[in-house]
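Overview (structure and organization)
Residues per chain, in single letters:
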Amino acid sequence: RKVWLDYLRVIAILAVITGHVIADFYRMFGEVGQAEWWLSNILSALLRSAVPIFVMVSGAVLLGRSYSMEEFYKKRAVRLIPPILFCNLVYLGIYVYDGMDTQTLFWTLKALIIVNGYVAPHLWYLSMFACLMLFVPFINKFILGEKPTARDLGVLLGITFPFFLLNTIASVAFNIYHLPMEWFKIFPWFMVYFIAGYYIDNYSGNIPLRNGLIVTTIIILTAIGAGLNYYAANSLGIVKDYFIVTEMGPLVFLISMLVFLLAKNLSSRLLANRVVSAIAEVSFGMYLIHEIFNGIFCKILPDYYAHGLIYIPSVIVMTSILSFISIFLLRKIPFMRAVC
């Protein structure tokens, strides 16, 4: 087990939770205080690399190993299909409990799962990652230098057909119903992060960057992202934290690479730690459940958006702790261990 990857898992899940806590403050530009908005803006620019880092960790773990295609697909299906089905149903149930009307419920069941690829917004990661996993055995063969057989190529062609079908459905959804359907088109961008995780893990010596320069560059890139976000919000009226600082843009790409490289450079100093190991073990489940606690705090805390400087750090800490405890306890149940 590579301990430094556990540290990255912990950093990534805390960054995800922080990003979702601050998201509403960012979107309320001009409505919340400047201090609250700038805090959310700077953190958003820095922490958008959270999901790419998760994907890079997976690349470091899954690539460069010898395994059969059948073995890989079986293990990934067991790991991904139950959480996808269970978590989407759980969040759908929460929305119904929260007041979703019957018409919206049926619409969600019939269309939104297909159009969006998820029920709860943060579950987009599961849809993207499932698409990515379909192509991992072929990426791995390339890395290992193995020539694909005729059967391998047949499988590759076979798994591409559903994307042709989805593209046709997307065209119908957009041109007739004016519904953008993009979820199945995202994964190629994350394929780059996936491969980069393996590359940095194995060839970081080919990147002669000192840690001080890496940290300085991360700070500069974060400042550029925050500055461009402010310009977009203040001058262009575009208040979207993913407009400039997106996982599919150069700033997040560079920050993600540099954070991963920094962790790799420090790997000899990152010693095994029981707390880090425990959080890393349940980080996937924490990702799935944390929005429940975040949503609860947004509703029950008085004057939530008026006291961001107090509530932002408080909610981040409370959501992180409750998410960890919940998943830690739930995973003691065999069924729950399979879905989180």
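Placed above this text is the structure.
All of these numbers come straight from a predicted model, not from anything done at the bench. (Residues numbered from 1 in each chain as written. Predicted model: local features only at pLDDT ≥ 70, side-chain atom pairs only at ≥ 80, totals over all residues. Heavy atoms only, no water.)

**Section: a nonpolar patch on the surface**
Taken together, the side chains of I114, F161, F164, L165 and I169 define a hydrophobic patch exposed on the protein surface, amounting to about 510 Å² of accessible area. Broken down by element, the residue count for the nonpolar patch peaks at four residues, all from helix α7 (residues 150-177). Relative to the helices and strands, F161 is located in helix α7. (Patch = residues over 30% accessible without salt bridge, like charges linked within 9 Å, V, L, I, M, F, W, Y side chains within 5 Å. Areas by Shrake-Rupley, 256 points an atom, 1.4 Å probe, with all protein chains shown as cover. Salt bridge = Lys/Arg side-chain N within 4 Å of Asp/Glu carboxyl O. Helix = DSSP H or I, 4+ residues; strand = E, 2+ residues; numbered from the N terminus.)

**Quick word on the packing of helix α2 (residues 34-47) against helix α13 (residues 308-330)**
Relative orientation of the contacting elements α2 and α13 amounts to 35°, with a least axis distance of 9 Å. Residues A35, E36 and L39 of α2 lie in contact with α13, whose contacting residues are G308, L309 and I312. Its residues assigned to classes, the contact of α2 with α13 comprises four nonpolar, one polar and one charged. (Axes fitted to C-alpha atoms, helices over the stretch in contact; angles between N-to-C directions. Contact = heavy atoms within 4.5 Å. Nonpolar A, V, L, I, M, F, W, Y, C, P; charged D, E, K, R; others polar.)

**Notes on the packing of aromatic side chains**
Tallied over the entire structure, the rule returns 28 aromatic pairs. On the basis of an interplanar angle of 50° and a centroid distance of 5.9 Å, the ring pair of Y193 and F253 is categorised as tilted. You can see Y193 sitting in helix α8 (residues 187-203) and its partner F253 sitting in helix α10 (residues 250-265), a full 60 residues away along the chain. F253 gets classed as partly exposed once you look at its relative accessible area, which sits at 31%. Look at Y304 and Y311: their rings are 5.5 Å apart centre to centre, the planes differ by 10°, and that puts the pair in the stacked class. Of the two residues examined, Y304 and Y311, each falls in the buried class. Each residue in the set F54, W124, Y125, F129, F190, Y193, F253 and Y287 is aromatic and connected to the rest through ring pairs, giving one cluster. (Phe/Tyr/Trp six-rings, centres within 6.5 Å; stacked < 30°, edge-to-face > 60°. Buried < 20%, exposed > 50% of the residue type's maximum accessible area, 1.4 Å probe, protein only.)

**Overview of helix α6 (residues 124-144)**
With 21 residues, α6 should cover 30 Å at 1.5 Å per step; its first-to-last C-alpha distance of 30 Å lies within 8% of that length. Remark: the principal bend of α6, roughly 40°, maps to F135, with a proline, P137, within the next four residues. Burial runs high along α6: 15 of the 21 residues are buried. In the stretch just after α6, G145 is the one whose phi turns positive, near 75°. (Expected span 1.5 Å × (residues − 1). Bend = angle between axes of the 7 residues up to and from the residue.)

**Observations concerning the nonpolar core**
L8, V55, Y125, M133 and F260 are the most contacted members of the largest nonpolar core, which has 101 residues in total. Looking at this core, the element that brings in the most residues is helix α1 (residues 3-27), giving 13 residues. Not counting chain neighbours up to four residues away, the residues in contact with V55 comprise Y125, M128, L132, F190, Y193 and F194. (Core = buried A, V, L, I, M, F, W, Y, C linked by side-chain atoms within 4.5 Å.)

**Things to note about the packing of helix α4 (residues 69-97) against α6**
Two numbers describe how α4 lies on α6: the axes approach to 11 Å, and their chain directions differ by 170°. When the axes of α4 and α6 are compared, the pair comes out roughly antiparallel. On α6, the residues touching M69, F72, Y73, R76, L80, P83 and I84 of α4 are L126, F129, A130, M133, L134, V136, P137, F138 and K141. Looking at the contact of α4 with α6 residue by residue, the class counts come to 14 nonpolar, no polar and two charged. (Parallel < 35°, antiparallel > 145°, perpendicular 65-115°, else oblique.)

**Some words on unusual backbone geometry**
Although it is not a glycine, H178 adopts a positive phi angle of roughly 60°. Summarising the element assignment, H178 is placed in the loop between α7 and α8. Of the residues examined, H178 reaches a relative accessible area of 61% and is grouped as exposed. With phi around 50°, D303 is a residue other than glycine that occupies positive phi space. If you trace the backbone, D303 turns up in the loop between α12 (283-300) and α13. Given the relative accessible area of 55%, D303 is considered exposed.

**Examining the environment of T222**
Residue position: T222 is located in helix α9 (residues 211-235). Here T222 falls in the buried class, since its relative accessible area comes to 7%. Spatially, the C-alpha atom of T222 lies 8.9 Å from that of V252, the residues being 30 residues apart in sequence. Of the polar contacts made by the side chain of T222, one reaches the backbone oxygen of I218; its length is 2.8 Å. (Polar contact = N/O pair within 3.5 Å; in protein donor to acceptor, adjacent residues only side chain to side chain.)

**So, the environment of S267**
As for its placement among the helices and strands, S267 is situated in the loop between α10 and α11 (274-281). For the pair S267 and E146, spaced 121 residues apart in sequence, the C-alpha to C-alpha distance is 30 Å. A polar atom in the side chain of S267 sits 2.7 Å from the backbone oxygen of K264.

**Let's talk about the side chain of N41**
The residue N41 is located in helix α2 in this model. Polar side-chain contacts of N41 include one of 2.9 Å to the backbone oxygen of A226. Excluding residues that lie within four positions of it along the chain, N41 makes contacts with Y26, A226, N229 and Y230.

**Quick word on the pattern of salt bridges**
Oppositely charged side chains may form a pair once their charged atoms are brought near each other. Counted according to the given criterion, the structure contains 15 salt bridges. E71 is paired through a salt bridge with K75; the nearest N and O atoms lie 3.4 Å apart. With a gap of four residues between them, E71 and K75 both fall in helix α4, about one helical turn apart. The salt bridge partner of K299 is D98, with a shortest N-O separation of 2.6 Å. With K299 in helix α12 and D98 in the loop between α4 and α5 (102-116), this residue pair connects regions lying 201 residues apart in the sequence. Exposure remark for D98: the relative accessible area of 49% places this residue in the partly exposed category. Each of R1, D6, R9, E281 and R331 takes part in one network of salt bridges that share partners.

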